Structure formats: C-alpha cells, structure tokens
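Chain and residue survey
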Amino acid sequence: MNVFLKRKGSLCCSLIRNMSVQRSTVKHVDVSSEISKKGSFVRPDSSFRNFIQEDGSFPPEKGRYHLYVSFACPWAHRTLILRKLKGLEKVISYTCVDHFMGDNGWRFNDEVRGCEKDPIFNAIFLREVYNQDTPDYNGRITVPVLFDKQSKKVVNNESSEIARMFNRSFNALCETDEQRNLDLYPSELQTEIDEVNSWVYP
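The shown structure was predicted, so the numbers you read here are calculated from the model rather than taken from an experiment.

Notes on the overall build of the chain
Looking only at helices and strands, the chain features six helices and four strands. Reading the chain from its N end, one meets helices and strands in the order α-β-α-β-α-β-β-α-α-α. Evaluated residue by residue, the chain yields a buried proportion of 42% over its 202 residues. In the chain, of all internal contacts separated by at least 6 residues, the share reaching a separation of at least 24 is 62%. Total accessible area on the chain is roughly 11500 Å²; 52% of this is exposed by carbon and sulfur atoms.

Some words on the packing of helix α2 (residues 74-85) against helix α4 (residues 159-168)
Between α2 and α4, the shortest axis-to-axis distance is 9 Å and the interhelical angle comes to 5°. Of the possible angle classes, the one that applies to α2 and α4 is roughly parallel. Packed against α2, whose contacting residues are W75, R78, T79, L82 and R83, the element α4 presents S159, S160, I162, A163, F166 and N167 at the interface. A per-class count over the contact of α2 with α4 returns five nonpolar, four polar and two charged.

What counts and what doesn't
Within any chain, residue numbers begin from 1 and follow the written order of that chain's sequence. In keeping with the model being predicted, local features are shown solely for residues with a pLDDT of at least 70 and side-chain atom pairs are shown and tallied solely at 80 or more, while totals for entire chains, interfaces and linings include all residues. Side-chain descriptors were evaluated using all non-hydrogen atoms of the structure, hydrogens and water having been removed beforehand. Numbering of helices and strands runs from the N terminus, with a helix taken as a DSSP run of H or I at least four residues long and a strand as a DSSP run of E at least two residues long. Remark: exposure states derive from per-residue accessible area (1.4 Å probe, protein chains only) relative to the maximum for the residue type, with buried under 20%, exposed over 50%, and partly exposed in between. Residue contacts are defined here by distance: any two heavy atoms, one from each residue, within 4.5 Å place the two residues in contact. What sets the accessible areas is the Shrake-Rupley method with a 1.4 Å probe; for residues, cover comes only from the shown protein chains. Axis lines are fitted to C-alpha atoms, over the contacting stretch for helices. Their N-to-C directions set the angle, which ranges from 0 to 180 degrees. For classification purposes, angles smaller than 35 degrees are called roughly parallel, those larger than 145 roughly antiparallel, those between 65 and 115 roughly perpendicular, and all remaining angles oblique. Note that Gly is not counted as nonpolar here; it falls among the polar residues with everything else outside the nonpolar set of Ala, Val, Leu, Ile, Met, Phe, Trp, Tyr, Cys and Pro and the charged set of Asp, Glu, Lys and Arg.

Structure below.
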C-alpha cells in the first residue's frame, strides 16, 4: 500500500539543488552508525512517544496537529494512508519535505512537486521544527512527525504509534460514520499484527 512518486527527474533536480544549499552547522546523524557488525540495520528507539488522548496533554482537536512526512519514507506512508482512510484530512494538516535527504537531514523545498515550504515556522530543515520542542536536541531527525501547533511540541515521531492514534484517537472527528467505525487495529488481531510488525519493522 506504499505510495511512491515515480519522478526520477525531480529527484535528480532535487539532488542538484540540495548541493547548492548552504550547509548548517549541525549535520544529520550518520545512519551508518546504526549498522551492526553483521550488516543489519539496528533501529534506535524514537525520541518522542506522547499520545493523543482525551484529558491528556495532547487532546484530539481539529486543526491543532500537523503531520510532517516524506514520500521517500515508506514508514511515513502508513500515517498518510490512515489519515485518508479515517477521514482526517480536514482535521490534521500535513507537509511533505524534499524526497532527498542530504547531510543536514530532511529539507523543505517547494520547487519539488508535492513538497512544500514549512507552513508553521518557515523552517529550511526539519531539524528546526524538532528544535522548537527541544532547542538542544541532537538526536535523529526522522519522519513522520506529528507536531502540536498549539504547544509547539513534537507529539510523536514513531510511525506505528501515529498510525494507531489516527486509527482511534480522532474517532469523534472522522468525516463519516463508516470511517469512524473503521478499526485497523482490532483487539482480537493485535497480537498477530504486532508479530508481523516485529519483522517488517524491526
């Protein structure tokens, strides 16, 4: 179900444009440091693991949250898919960063089709959005990111948890009853889903 934009020309142009962008003083974390001696990728835990819930710090509200994604990231796709299936397109806005991730991490680039400038802070790099929450943050800058525009805090940057929040936490705001009643993580199948997810997304 992954949604890819098959635009090799745009990716090449994006690469060239990124080469001309002035480098920031903070470089993106080198993912080669996350490769084990056996050659397998060892995924570090995501840094922001808050949840949308009633009576919590991040209650479900229309227009409050913004989703940052990249079409180049397959894990970001599932959050966009859940947003669509659950009828949350008018509830949660989103922005896609450039498909190419350079030395400084994900960059906003409205010259690439489907990508936009940062609508909240007019940031150049996604790192700047993370720094709104934690100014001295020096961890991994990943997508997807669910951001709270009201408190200027990163709610969560773990794709599976964002997908599950979209599945249930915003049910009162879904566009139709059919979408509200749609449950893609039913209790009777959660063990099997988690088992599959453990090797698909280690």
